[in-house]
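Coordinate analysis (summary)
Spelled out, the chains give:
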Amino acid sequence: MSFSELGLSDAIVRAVTEHGYTIPTPIQTQAIPAVLAGGDLLAGAQTGTGKTAGFTLPILNRLAASSNHASAAARPIRALILTPTRELAAQVEESVRTYGKYVKLNSAVIFGGVGINPQIKLLKHGVDILVATPGRLLDHMQQGTVNLTKVEILVLDEADRMLDMGFIKDIRRVLAALPPKRQNLLFSATFSDEIKTLADGLLNAPAMIEVARRNSTVEIIAQKIHPVDRDRKHPLLAHLIKTNSWHQVLVFTRTKHGANKLVEQLERDGITALAIHGNKSQTARTRALSEFKDGSLQVLVATDIAARGIDIDQLPHVVNYDLPNIPEDYVHRIGRTGRAGATGEAVSLVCVDEHIMLKDIEKLIKRSLPREVVPGFEPDPNARAQPIQLRSGGGGGGNGGRRGQPQGRSPAAGGRGAAPAKPAGPAKTYGGSGPARPAAPHRSGGRGR
Ligand code: AMP
């Protein structure tokens, strides 16, 4: 199957081919004809499946086919793509530009954390395809600087993440500003009741497609666990990076504070590292990402939300410095490596506090991960599990706090930044709530609920 056989025009196929893609991925094979046909779509697909091209290609095709040749400034926004994060928004718009190289359509991206005035100017010049994060789009709507009355196609990309991040009200307000007759495309990796409710209200007789969950492509990624003591993780990471001459290592920490601290420690070891997380300015994030991409930065340390949508082909190494408290995030994290058939390696540094998390992850991916103790970093067999801090201290409102909640539930009220792992309500708590107990191999202190 080729891109032209899917019904795409020569101009679009040419741009895709020049970009180096000749064979559509499974999600593209299914989504492209469905979107070209003009109906609504409900797609189960994660990052890494090629979903972005799955919707941008047919959207460009449709809009170009019925383009009204008016001057750019006089043309209205005809497609609106909402994404949960700034990084993903920027990357989706980059794809629109890449694949739209040979059609006469303008695109723009708007997100928070940067000045609003340049965006207002951009919107005045005429935009056919707008990619936006919900919060900043609402700001523009309130200021009357964006007109959505002529939108023909709406995409909710990573809808589950947008709901996780508390964007449902913003999304509903955006939906209310759109014309009722339009094509709706909803992409989500998971289907909670909340997503189903959103889809039921939004989609009209949608085509439904689902491609294999990321869990099944995990096979091409070599995964292993290095058991290690809590306070030996940093020396072990530095050791691994140096002895294996690793470059382009994406390291995940659970908290923003943890990310900052690790960057400082690595810098002291002479390893170049930068952090990206919710407290970093957009400029800092963009800089870190581009240095990482071009190879001048050896290590990028990220929290889960900041890392969503980071799109780097063939990232060789992903390190879980801390295990994620949501098992699905493990799959998202390691999916950053081994993309599109390339092989990658994902290692997790696991201390005694994290044994329950590890068990939950192994349950999800339906296999047990090989343990490999690194000589010189043997964990103390008598170490006791301590409760794990699930969120960054101070301030709240960043990604640390929100990720402390299980998917599909609203954040518990009044979460206190620096409180140890005891979120209110039904959230899962890792680590013992009573006195620490000695941990047997692969078992840990009790679950706090
Ligand atoms: P996405 O799921 O949209 O984030 O895409 C995942 C990765 O696959 C990105 O690096 C894309 O550039 C790449 N990709 C998308 N379509 C194809 C294709 N047809 N062949 C090979 N790689 C692709």
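The coordinates are above.
Residues numbered from 1 in each chain as written. Predicted model: local features only at pLDDT ≥ 70, side-chain atom pairs only at ≥ 80, totals over all residues. Heavy atoms only, no water.

1. Thoughts on the nonpolar core
Membership of the largest hydrophobic core comes to 39 residues, with the highest contact counts inside it found for L41, L57, I59, I129 and L185. If one sorts the elements of this core by residue count, helix 3 (residues 51–65) sits on top with six residues. Leaving out residues up to four positions away in the same chain, L41 has contacts with A31, A34, V35, N184, L185, L186, F187, L203, P206, A207 and I209. If you look at the next biggest cluster of nonpolar residues, it comprises 33 residues, including A108, V146, L175 and I305. (Core = buried A, V, L, I, M, F, W, Y, C linked by side-chain atoms within 4.5 Å. Buried < 20%, exposed > 50% of the residue type's maximum accessible area, 1.4 Å probe, protein only. Helix = DSSP H or I, 4+ residues; strand = E, 2+ residues; numbered from the N terminus. Contact = heavy atoms within 4.5 Å.)

2. Examining the site of the ligand
The ligand sits among 16 residues. The nearest are Y21, Q28, G48, G50 and T52. With respect to the ligand, the backbone of K51 contributes an N or O atom lying 3.3 Å from an oxygen atom. In this structure, T52 approaches the ligand through a side-chain N or O atom, which is 2.5 Å from an oxygen atom. Expressed as a share of its isolated accessible area of 500 Å², the protein-covered part of the ligand is 86%. (Near = heavy atom within 4 Å. Polar contact = N/O pair within 3.5 Å; in protein donor to acceptor, adjacent residues only side chain to side chain. Areas by Shrake-Rupley, 256 points an atom, 1.4 Å probe, with all protein chains shown as cover.)

3. A closer look at the sheet that holds strand 1 (residues 41–44)
Taking strand neighbours across the sheet as the criterion, the seven strands line up as 3-4-2-5-6-1-7 in an open arrangement whose pairing is parallel. Sheet topology places strand 3 (107–110) and strand 7 (207–210) at the edges, where each strand pairs with a single neighbour. Within the sheet, the average angular offset between the axes of one strand and its neighbour, ignoring direction, is 10 degrees. For strand 2 (residues 79–82) and strand 5 (residues 153–156), the ladder comprises four bridges, and the chain directions are parallel. Within the sheet, the bridge partner assigned to L80 lies in strand 5 and is L154. (Pairing = 2+ DSSP bridges. Axes fitted to C-alpha atoms, helices over the stretch in contact; angles between N-to-C directions.)

4. A closer look at the packing of aromatic side chains
The geometry of an aromatic ring pair is captured by the separation of the ring centres together with the interplanar angle, meaning the angle of the planes. Taken as a whole, this structure holds one aromatic pair when the rule is applied. The ring centre of Y102 lies 3.8 Å from the NZ or CZ of R14, which sits over that ring. The ring centre of Y321 lies 5.9 Å from the NZ or CZ of K233, which sits over that ring. (Phe/Tyr/Trp six-rings, centres within 6.5 Å; stacked < 30°, edge-to-face > 60°. Lys NZ or Arg CZ within 6 Å of the ring centre and 35° of its normal.)

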